[in-house]
Amino acid sequence: MLDSFRDIEDHREGLGFSPDAEGLRYLFVDFNAYFASVEQHDDPALRGRPVIVTPLESEHSGAIAASYEAKALGIRRGTTVREARQLCPGIAVRPARHDRYVIVHHELMREIERHLPISRICSIDECVCRLEPREADMILARAKAQEIKRGIAHNVGSALRCSIGLAPSSLLAKLASDMEKPDGLVAITREQLPDLLRDLPLQAIPGIGGGVARRLDRAGITDFLSLWRLQPKEARSIWGSVNGERFIYGLKGYDIPEQAEARKRMIGHSRVLSGIHRRPQGARIVTRALLLKAASRLRYYRLYAGRMNVSVRFYPTGRCEAETAFRHSQNSWRFLDALDQAWQNVMQAVRKQRAMAGGAAISFKSVTVYLHDLQAGPPERDLFIAPDADMRDGCEAELWRRIDGLNQRYGVQKIGLASQAGLDLNYLGVKIAFSRVPELAEFADSGTLDAIIPKQIEEHAARAKNPSRSLW
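Calculation notes
- Residues numbered from 1 in each chain as written.
- Predicted model: local features only at pLDDT ≥ 70, side-chain atom pairs only at ≥ 80, totals over all residues.
- Heavy atoms only, no water.
- Helix = DSSP H or I, 4+ residues; strand = E, 2+ residues; numbered from the N terminus.
- Buried < 20%, exposed > 50% of the residue type's maximum accessible area, 1.4 Å probe, protein only.
- Contact = heavy atoms within 4.5 Å.
- Areas by Shrake-Rupley, 256 points an atom, 1.4 Å probe, with all protein chains shown as cover.
- Pairing = 2+ DSSP bridges.
- Axes fitted to C-alpha atoms, helices over the stretch in contact; angles between N-to-C directions.
- Arc of directions from axis to C-beta.
- Polar contact = N/O pair within 3.5 Å; in protein donor to acceptor, adjacent residues only side chain to side chain.
- Patch = residues over 30% accessible without salt bridge, like charges linked within 9 Å, V, L, I, M, F, W, Y side chains within 5 Å.
- Salt bridge = Lys/Arg side-chain N within 4 Å of Asp/Glu carboxyl O.

Draft legend 1. The overall build of the protein, seen in detail. Helix and strand content of the protein: 14 helices and twelve strands. Counting all 472 residues of the protein, 50% fall into the buried class. Excluding contacts between residues fewer than 6 apart, the proportion of contacts in the protein whose partners are at least 24 apart in sequence is 66%. Summed over all atoms, the accessible surface of the protein reaches about 23,200 Å², with 49% contributed by carbon and sulfur.

Written out as structure tokens, the structure reads:
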């Protein structure tokens, strides 16, 4: 067991331990029921009422967020609108407004930065700050946390409550933030471990998903105390990477600097289908729209893609997947041609599903498209490809970049393909994954951003993209 820094001298190389891990070094902020809270923040009539947020305006749609008033009635993420109305006839149902959630996110991060520098933005509703050595004392750290809560309530909105965790490592600070909700403030010190967390289920710990949990189970690690006794080198073996070793040190309260952000590996979007879009032609139109959105993001990041993956799920069961490769490009027309090739495989799968169903019509449940094999520059010259082919591809990509610029400037997709005209899919493709905060420019086609985003929010978003802005 690691009882002192002398015990870990042999493991320090490459992990970057701080020479002093005493005290509370991290403050973790977790906003409670974030999407539902933003709806209550914007509409005072919803405060104190059960509220759910849904991706689609449909009675069959499942909640992606529920206010604490709704949770008290047994309504959770995934509860359908119909089920929610049975549990609470007067429940307020609001379709998701992803651009609004991103804007409020930046307002909240800007307020937190008035009190402490943000070390890392973890998701749309979470961030971690590193306390200065003079703030590592329990009394001073708790005072700083209360200062942040008061600042958010006074300068942003009292409906936007957060739980704050304090600990000597960012992993323990995250665990502390989960221990008291809503509006909690919990501190974990190294002296309290492992007893304070001995009853914690393993999969309640960030970093232990289904795959890691199965590996731990095979190794005989089934509860918190057996995990606590795990040696760092054993954890590295179970995880299959140095992340296991980093995890154990973080769990024991040792201060390990954050790893550099991983290079973007893929760009894509998915969509649950409804209505006419559940038929093959409707699903194809939606898939094309998702692809065009992904291609616009690709150009925004100044990347080039060399492969595309398309997958569909059928209703009630069944799925198919197709992948195509092409010369690295930013050209949406090249991507659409590749989609046409992939769609032939999709239609073959549809015919097989139809035969298995005795000739019955097949419905599409969802579609997903990803651009991957990404690189930061155009493809190298190939002697077997005519120069004018690459020149044409570059010119067409430049035309699409100009189209992107016009749509970002004027909003609401002023320029697009005629085949996609009139397609209203409510924030197409820009669904918020909780591990990723969308760039503000991704919402450019849903309205004129200048009219809804204050200049200081844009400036904060630009700062937040800079991984080197750590403060001491």
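Draft legend 2. View of the sheet that holds strand β4 (residues 92-95). In space, the three strands of this open sheet follow the order β3-β2-β4, with mixed pairing throughout. The strands lining the two open edges of the sheet, one partner per strand, are β3 (65-66) and β4. Here strand β2 (residues 51-54) pairs with β4 via four bridges, running parallel. Residue pairing for β4: Thr54 is matched across the bridge by Pro95. The strands touched by helix α1 (residues 34-42) are β2, β3 and β4; relative to β2, the strand with the most contacts, the crossing angle is about 115°.

Draft legend 3. Region of interest: helix α9 (residues 232-239). Every buried residue of α9 is listed here: Pro232, Ala235, Ile238 and Trp239. For α9, the buried positions fall inside an angular range of 115° around the axis, keeping them on one side. On its buried side, α9 packs onto α7 (210-218) and α10 (242-251). Positive phi shows up at Gly240, right after α9, with a value of about 85°.

Draft legend 4. A look at the side chain of Ser123. Tracing the sequence through the fold places Ser123 in strand β5 (residues 118-123). Within the structure, the side chain of Ser123 is placed 2.9 Å from the side chain of Asp125, a separation counted as a polar contact.

Draft legend 5. Summary view of a nonpolar patch on the surface. On the surface, Leu406, Tyr410 and Ile415 cluster together into a nonpolar patch covering about 240 Å² of accessible area. With respect to the helices and strands, the residue Leu406 is situated in helix α13 (residues 387-410).

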